[in-house]
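Observations on the model geometry
The lines below spell out each chain.
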Amino acid sequence: MVSDVSGAGNNWAHGHEVYGKQYGGAILESLRHAAEECDSLQGFLLLQSLGGGTGSGVGSYIMEMLADEFSSTYRLASSVFPSEDDDVVTSPYNAMLSLARLVEHADIALPLENQALIDIANRSGVEESGAHPHHHPSSGLPSSSSSASASSSSSNAVAVGASRGSTRKPKPFDSMNSIVASMLLHLTSGMRFPGSLNVDLSDLAMNMAPFPRLHFLVSGFAPLPLAAANSAAANSAAIDKMRLADTSKSIDQLFNAAFSKEHQLIKADPRRGTYLSCGIVVRGSGATISDVNRNVAKIRPTLRTAHWAEAGGFKLGLCSRPPLGHPNAILSLANNSAVSNTFQAIRERFDKLYKRRVYTHHYEQYMDLSLFGEAVEAVTDVAQRYREIDNQMLEPNPIATYKRRPMGLTFL
């Protein structure tokens, strides 16, 4: 583990140019040691927050380093995007710079939005107290953010805390982190447990990105994890009670929920966008491949899919080990044009700051400001490509009008 006592002061440039270079050698050595211990290296999964300075800056540096040193190994990132009312005033800068690195160097990116996690947690009726804020003195940027309980040496915390004296409702840290943790556990279940049709990270990276730069997957999860089942106070009796209550939810109901807007981990509705590809990972001993195929056949006509995904387009996984507290669960992964709305929201928040050059002098200490323009260009290009696919699939004859051809797919 590589760690330090301070953060990057909510400054991507400080994290990338100072801490990244300072600890890059130690981080690379740690990664090499971990890779050498693997019998079959699947890839690297980076967990980061894009709102602060360490997760965004050092996380971007690690992703670039992995692309250079492990170019033939798949690189996946689970990235938490800041909400519109984020406590870190420079979060639009950090998110834009980090997102551009994900476009260039990641093979698969799983965007998560703080606001979507907050909404899901609030719908569950869970309220928790916020952590104490703190100030990052290293860059001079104003900050009232606080770390959540789940964090890693290469990333900021998943959730951002409420500022001191704020009248806003405290963010439910544990519930938000629990949702993200459950998604990641579900994503990697095929590598850890037996199943009749397991998928691993390399399967997803190979099949879910028909174009190299369009590799952003919108994740939906059902049933949503209950905070009580993931808290330290949970006991076996409570878990058994929840398991019995959840038995009434059939596989059909879970399928419908996993594709619904309310269960997506970003603020988007995939049913209103175009599916470039779709992955479904089902956990539980009660689910069979016939159940999965029946539900796929039923839900496929309700989705707008690209022409190359109409005949197949669904990557299926089936793991026999159920998650804690539930007999069955479903994770949907959609490479969907709806993610362009998230990119557009980040661009709009970025423009509001950058047109006035607010706090850019803090970044200018460590980097050339031209990197902002390059980042905007990369992110705008990806968003435009997603919108182009979506618009042309709405035309009467999308197959004839859409000229790009995807890379080879190997769907089941």
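Numbers given for residues are sequential positions, taken from 1 along each chain in its written order. Residue-level local features of this predicted model are given only where pLDDT is at least 70; pairs of side-chain atoms are given and counted only at 80 or more, and the full residue set underlies all totals for whole chains, interfaces and linings. Each side-chain value is worked out from all heavy atoms of the structure, with water and hydrogens disregarded.

1. Observations regarding the overall build of the protein
A helix here means a DSSP run of H or I that spans at least four residues, while a strand means a run of E at least two residues long, and both kinds are numbered starting from the N terminus. Across its full length, the protein carries 15 helices and 8 strands. The classification of residues rests on relative accessible area computed with a 1.4 Å probe and restricted to protein chains. Under 20% of the type maximum is buried, over 50% is exposed, and intermediate values are partly exposed. Residues counted as buried form 57% of the 412 residues belonging to the protein. Long-range pairs, those at least 24 residues apart, make up 83% of the contacts in the protein between residues at least 6 apart in sequence. Just so you have it, the protein exposes about 17400 Å², and 51% of that area is on carbon and sulfur atoms. Contacts: residue pairs with any heavy atoms within 4.5 Å of one another. To measure how exposed things are, a 1.4 Å probe is used in the Shrake-Rupley method; for residues, cover is taken only from the protein chains shown.

2. Focus on the environment of Ala116
Mapped onto the elements of the fold, Ala116 is located in helix H4 (residues 114-123). Judged by its relative accessible area of 3%, Ala116 falls in the buried class. Here the alpha-carbon distance between Ala116 and Ile266, two residues 150 residues apart in the chain, equals 5.2 Å. If we ignore the near neighbours within four places in the chain, the residues touching Ala116 are Gln264, Leu265, Ile266 and Lys267.

3. Some words on the pattern of salt bridges
For this analysis, a salt bridge means a side-chain nitrogen from Lys or Arg found within 4 Å of a carboxyl oxygen belonging to Asp or Glu. Applying the stated rule across the entire model yields 14 salt bridges. A salt bridge links Glu64 to Arg101, with the shortest nitrogen-to-oxygen separation between them at 3.3 Å. Pair noted here: Glu64 is in helix H2 (residues 54-69) and Arg101 is in helix H3 (residues 91-105), with a separation of 37 residues, a long-range link. Of the charged contacts, one joins Asp381 and Arg385 as a salt bridge, the two residues approaching to 3.3 Å between their closest N and O atoms. Taken together, the residues span about one helical turn, with Asp381 and Arg385 both in helix H14 (residues 370-393) at a distance of 4 residues. Judged by its relative accessible area of 28%, Asp381 is partly exposed. Each of Glu104, Arg213, Asp381 and Arg385 takes part in a single network of salt bridges with overlapping partners.

4. Side note on the packing of aromatic side chains
The geometry of an aromatic ring pair is captured by two quantities: the separation of the ring centres and the angle between the planes. Here the aromatic set is Phe, Tyr and Trp, taking the six-membered ring for Trp, and pairing holds for ring centres within 6.5 Å; pairs whose planes are under 30 degrees apart are stacked, those over 60 apart are edge-to-face, and all others are tilted. All chains considered together, the criterion is met by 13 aromatic pairs. Judged by centre distance (5.0 Å) and plane angle (45 degrees), the rings of Tyr93 and Phe372 are tilted. Placement of the pair is Tyr93 in helix H3 and Phe372 in helix H14, with a sequence separation of 279 residues. Tyr93 gets classed as buried once you look at its relative accessible area, which sits at 0%. An aromatic cluster is defined as three or more aromatic residues linked by ring pairs; in this entry it consists of Tyr93, Phe350, Tyr354, Tyr363 and Phe372.

5. Remarks on the confidence of the model for the protein
Scored from 0 to 100, pLDDT reflects the predictor's confidence in each residue. Averaged over the protein, the pLDDT score is 82; the fraction of residues at 70 or greater is 78%. Least confident of the elements in the protein is helix H8 (residues 227-230), whose mean pLDDT is 46; most confident is H3, at 97. This model gives residues 228-235 a pLDDT under 50, and the stretch forms 7 contacts once residues within four places in sequence are excluded.

6. Points about helix H11 (residues 289-299)
Looking only at H11, the buried set comprises Asp291, Val292, Asn295, Val296 and Ile299. In a view along the axis of H11, the buried residues occupy a sector of 130 degrees, so they form one face of it. Lining the buried residues of H11 we find helix H10 (251-258), strand E5 (274-283) and strand E7 (314-319). Think of the arc as the fan of directions from the helix axis to the C-beta atoms.

7. Overview of the pairing of strand E4 (residues 218-222)
With respect to burial, E4 is a largely interior element, 5 of its 5 residues being buried. Burial of the side chains of E4 extends over both faces: Val218, Gly220 and Ala222 are buried on one face and Ser219 and Phe221 on the other. Being paired, for any two strands, means DSSP has found at least two bridges between them. In this sheet, strand E8 (residues 329-336) lies alongside E4 in antiparallel orientation, the contact comprising 5 bridges. By the bridge assignment for E8, Gly220 is matched with Ser332.

8. Here we look at the environment of Val103
Structurally, the position occupied by Val103 is in helix H3. Given a relative accessible area of 2%, Val103 falls into the buried group. In this structure, the C-alpha to C-alpha distance between Val103 and Ala375, residues 272 residues apart in sequence, is 9.5 Å. Ignoring sequence-local partners within four residues, the contact set of Val103 consists of Arg213, His215, Phe216, Ala378 and Val382.

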